[in-house]
Amino acid sequence: MRVDVFSIFPALVDGFCSESLLGKARENGLLDLRCHDLREHTTDVHRSVDDAPFGGGAGMVMRAEPIFASVEAAAPPRPLFLLSPGGRRFDQAMARELAATHETGGGFSLLCGRYEGVDHRVVEHLVDGEISIGDVVLSGGEVAACLVIEAVARLIPGAMGNDVSPVTESFGTSGLLEEPHYTRPADFRGWAVPEILRSGDHARIERWRLAQALHRTLRVRPDLIDARGGRSDQEERLLEEFPAVPYP
Ligand code: SAH
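Residues numbered from 1 in each chain as written. Predicted model: local features only at pLDDT ≥ 70, side-chain atom pairs only at ≥ 80, totals over all residues. Heavy atoms only, no water.

Undergrad: Hey, could you go over the overall build of the chain for me, with residue numbers and the actual values?
TA: Regarding its fold elements, the chain presents nine helices and nine strands. The globule rule puts the C-alpha radius of gyration for 248 residues at 18 Å, and the 23 Å found for the chain is more than 25% above it. By residue count, 42% of the 248 residues in the chain fall in the buried class. Nonlocal contacts in the chain, meaning residues at least 24 apart in sequence, comprise 75% of its contacts between residues at least 6 apart. Counting every atom, the chain has about 14000 Å² of accessible surface; 52% of that belongs to carbon and sulfur. Across the chain, 26 positive and 38 negative side-chain charges occur, with their mean positions spaced 5 Å apart. (Helix = DSSP H or I, 4+ residues; strand = E, 2+ residues; numbered from the N terminus. Rg over C-alpha atoms; globule rule 2.2 N^0.38 Å. Buried < 20%, exposed > 50% of the residue type's maximum accessible area, 1.4 Å probe, protein only. Contact = heavy atoms within 4.5 Å. Areas by Shrake-Rupley, 256 points an atom, 1.4 Å probe, with all protein chains shown as cover. Lys, Arg positive; Asp, Glu negative; His and termini not counted. Charge placed at Lys NZ, Arg CZ, Asp CG, Glu CD.)

As C-alpha cells, this is what we get:
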C-alpha cells in the first residue's frame, strides 16, 4: 500500500514510521511510505511556506503554492486528506476503510498543516477530505498522520502476523472492547491469574473471554453496547455465569 505524506517536517513522520512493525512493513514492501518536504517546492530565497492571514489576526497561514506544487509533482495516491481539527473523526471503522484501499492496489495520502492551518483553497480545490484525530488541537498534523498510518498499516494483511482479530479486537465486529489479558507469572505479588485461564478448557475460556469483554465494555463504554443493539439473552447468561475480574 502506498501512503504519501506532505509536511514541512517530513522527518518526524519518516522517523516514527521506521521503527517496530511500521519499519518492518516498509522493509518488506507492504507499506510504501513516501514523506515529502513541502519546503522543496518553495520558490523564494527564504523558502517560506507560510504568510500572514488576509483580514489580519493572529498567527500565520500555510500558503497554497508550495502545497499544490508538491502534491502535483508527487502525484500521490488518492484520496488525499488534510489533517485538521475540523475533519471527520478518525476511528477504527475509518482505519478499516483506508486499509481496504490496499486490496485495490491503491493507498491514500495525508497533508499535515502547521501554524493556524492551510489556505482554504487547498481544502476547496486540492484535497478530497479532512481527518481529525479527536477534539484536541495539536501544533501540526505530523503526530496525527503517524496515528492514522499506524492504525491503518497494522490492518494490512500480513503486517501483524496473525495478531489482528477483526472480531474480538476492540472496536471490531463484536462491537466490544477486548477482554483483559494476563501472562506469566501465574502469581505476581499474590495477585493470581484467573484459574479458568489455566484450566486448558478452551471452550470455557472463550466463553469467559466474551463475558469479560462484555463486563468491561458495560463498565467503561456502555455507549458501545447500545450501538450494537444491546446484548442477547445468551450474553446475559454469560455475564451471570462469569463475574467480572476486579477493577479498581
Ligand atoms: N487554527 C486551527 C488549528 C491549527 S493546528 C483551528 O483552530 O482549528 C495546526 C495544524 O495541526 C492543523 O492544520 C492540522 O494539520 C493539525 N492538527 C491540529 N489538531 C488536529 C486534530 N485534532 N486532528 C488532525 N490534525 C490536527
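Undergrad: Tell me what's going on with the environment of aspartate 44, and back it up with residues and numbers.
TA: Mapped onto the secondary structure, aspartate 44 falls in the loop between strand 2 (32-37) and strand 3 (50-51). Considered as a pair, aspartate 44 and aspartate 119 are 75 residues apart in the sequence and their alpha carbons are 18 Å apart. Here serine 48 takes part through its side chain, which lies 2.9 Å from a polar atom of the side chain of aspartate 44. (Polar contact = N/O pair within 3.5 Å; in protein donor to acceptor, adjacent residues only side chain to side chain.)

Undergrad: Give me a nonpolar patch on the surface: which residues, what numbers.
TA: A contiguous nonpolar patch, built from Val136, Leu138 and Val143 and spanning about 250 Å² of accessible area, is present on the exposed surface. Within the secondary structure, valine 136 sits in the loop between strand 7 (129-132) and helix 6 (142-153). Relative accessible area serves as the criterion here: at 44%, valine 136 is assigned to the partly exposed category. (Patch = residues over 30% accessible without salt bridge, like charges linked within 9 Å, V, L, I, M, F, W, Y side chains within 5 Å. Salt bridge = Lys/Arg side-chain N within 4 Å of Asp/Glu carboxyl O.)

Undergrad: Lay out helix 7 (residues 202-220) in plain terms, naming residues and giving numbers.
TA: In this model, helix 7 (19 residues) spans 27 Å end to end at C-alpha, consistent with the 27 Å of a helix rising 1.5 Å per residue. Listed in full, the buried residues belonging to helix 7 are Ile205, Trp208, Ala211, Gln212, Ala213, Leu214, His215 and Thr217. (Expected span 1.5 Å × (residues − 1).)

Undergrad: Describe the site of the ligand, and please don't skip the residues or the numbers.
TA: With respect to spatial proximity, 19 residues lie near the ligand, and among them Leu83, Gly113, Glu116, Val136 and Leu138 are the closest. The contact in question runs from an oxygen atom of the ligand to an N or O atom on the backbone of leucine 83, over 2.6 Å. Summarising the interface, the protein chains cover 82% of the accessible area of the ligand, which totals 560 Å² for the free molecule. Its atoms largely coinciding with the cavity grid, the ligand occupies the largest pocket. For the shell around the ligand, the secondary-structure elements that each account for two or more residues are strand 5 (80-89) and strand 7. Top element by residues in the shell around the ligand is strand 5. It accounts for three residues. Class assignment of the residues belonging to the shell around the ligand gives a composition of nine nonpolar, eight polar and two charged. (Near = heavy atom within 4 Å. 1 Å grid on protein atoms, 1.4 Å probe; cavity = no way out; pocket = protein on both sides within 12 Å on 5 of 7 lines; lining within 4 Å. Sits in = over half its atoms within 2 Å of the grid points. Nonpolar A, V, L, I, M, F, W, Y, C, P; charged D, E, K, R; others polar.)

Undergrad: Can you break down the layout of surface pockets residue by residue, with the values?
TA: To find the voids left in a structure, one rolls a probe of water-molecule size over its atoms. In this structure, the largest pocket encloses a volume near 400 Å³. In terms of lining residues, the largest pocket is bounded by 24 residues, among which Leu83, Ser84, Pro85, Gly113 and Gly117 are the most central. Among the elements of the structure, strand 5, helix 5 (120-125) and strand 7 are those that each provide at least two residues to the lining of the largest pocket. With four residues, the single largest contributor to the lining of the largest pocket is strand 5. Of the residues in the lining of the largest pocket, the class split is twelve nonpolar, nine polar and three charged. (Points joined across faces, edges and corners; volume = space filled by probe spheres on them.)

Undergrad: Describe in detail unusual backbone geometry, supporting the description with residues and values.
TA: Residue proline 79 is bonded to the preceding arginine 78 through a cis peptide linkage, with omega at 10°. Here proline 79 is to be found in the loop between helix 3 (64-74) and strand 5. Residue proline 185 is bonded to the preceding arginine 184 through a cis peptide linkage, with omega at 5°. Inspection of the secondary structure assignment puts proline 185 in the loop between helix 6 and strand 8 (187-188). In the Ramachandran plot, serine 20 falls in the positive-phi region, its phi being about 55° despite a non-glycine side chain. For serine 20, a relative accessible area of 56% translates into the label exposed. Positive phi outside glycine occurs at arginine 189, with the angle close to 55°. If you trace the backbone, arginine 189 turns up in the loop between strand 8 and strand 9 (191-192). Residue class for arginine 189 comes out exposed when judged on its relative accessible area of 67%.

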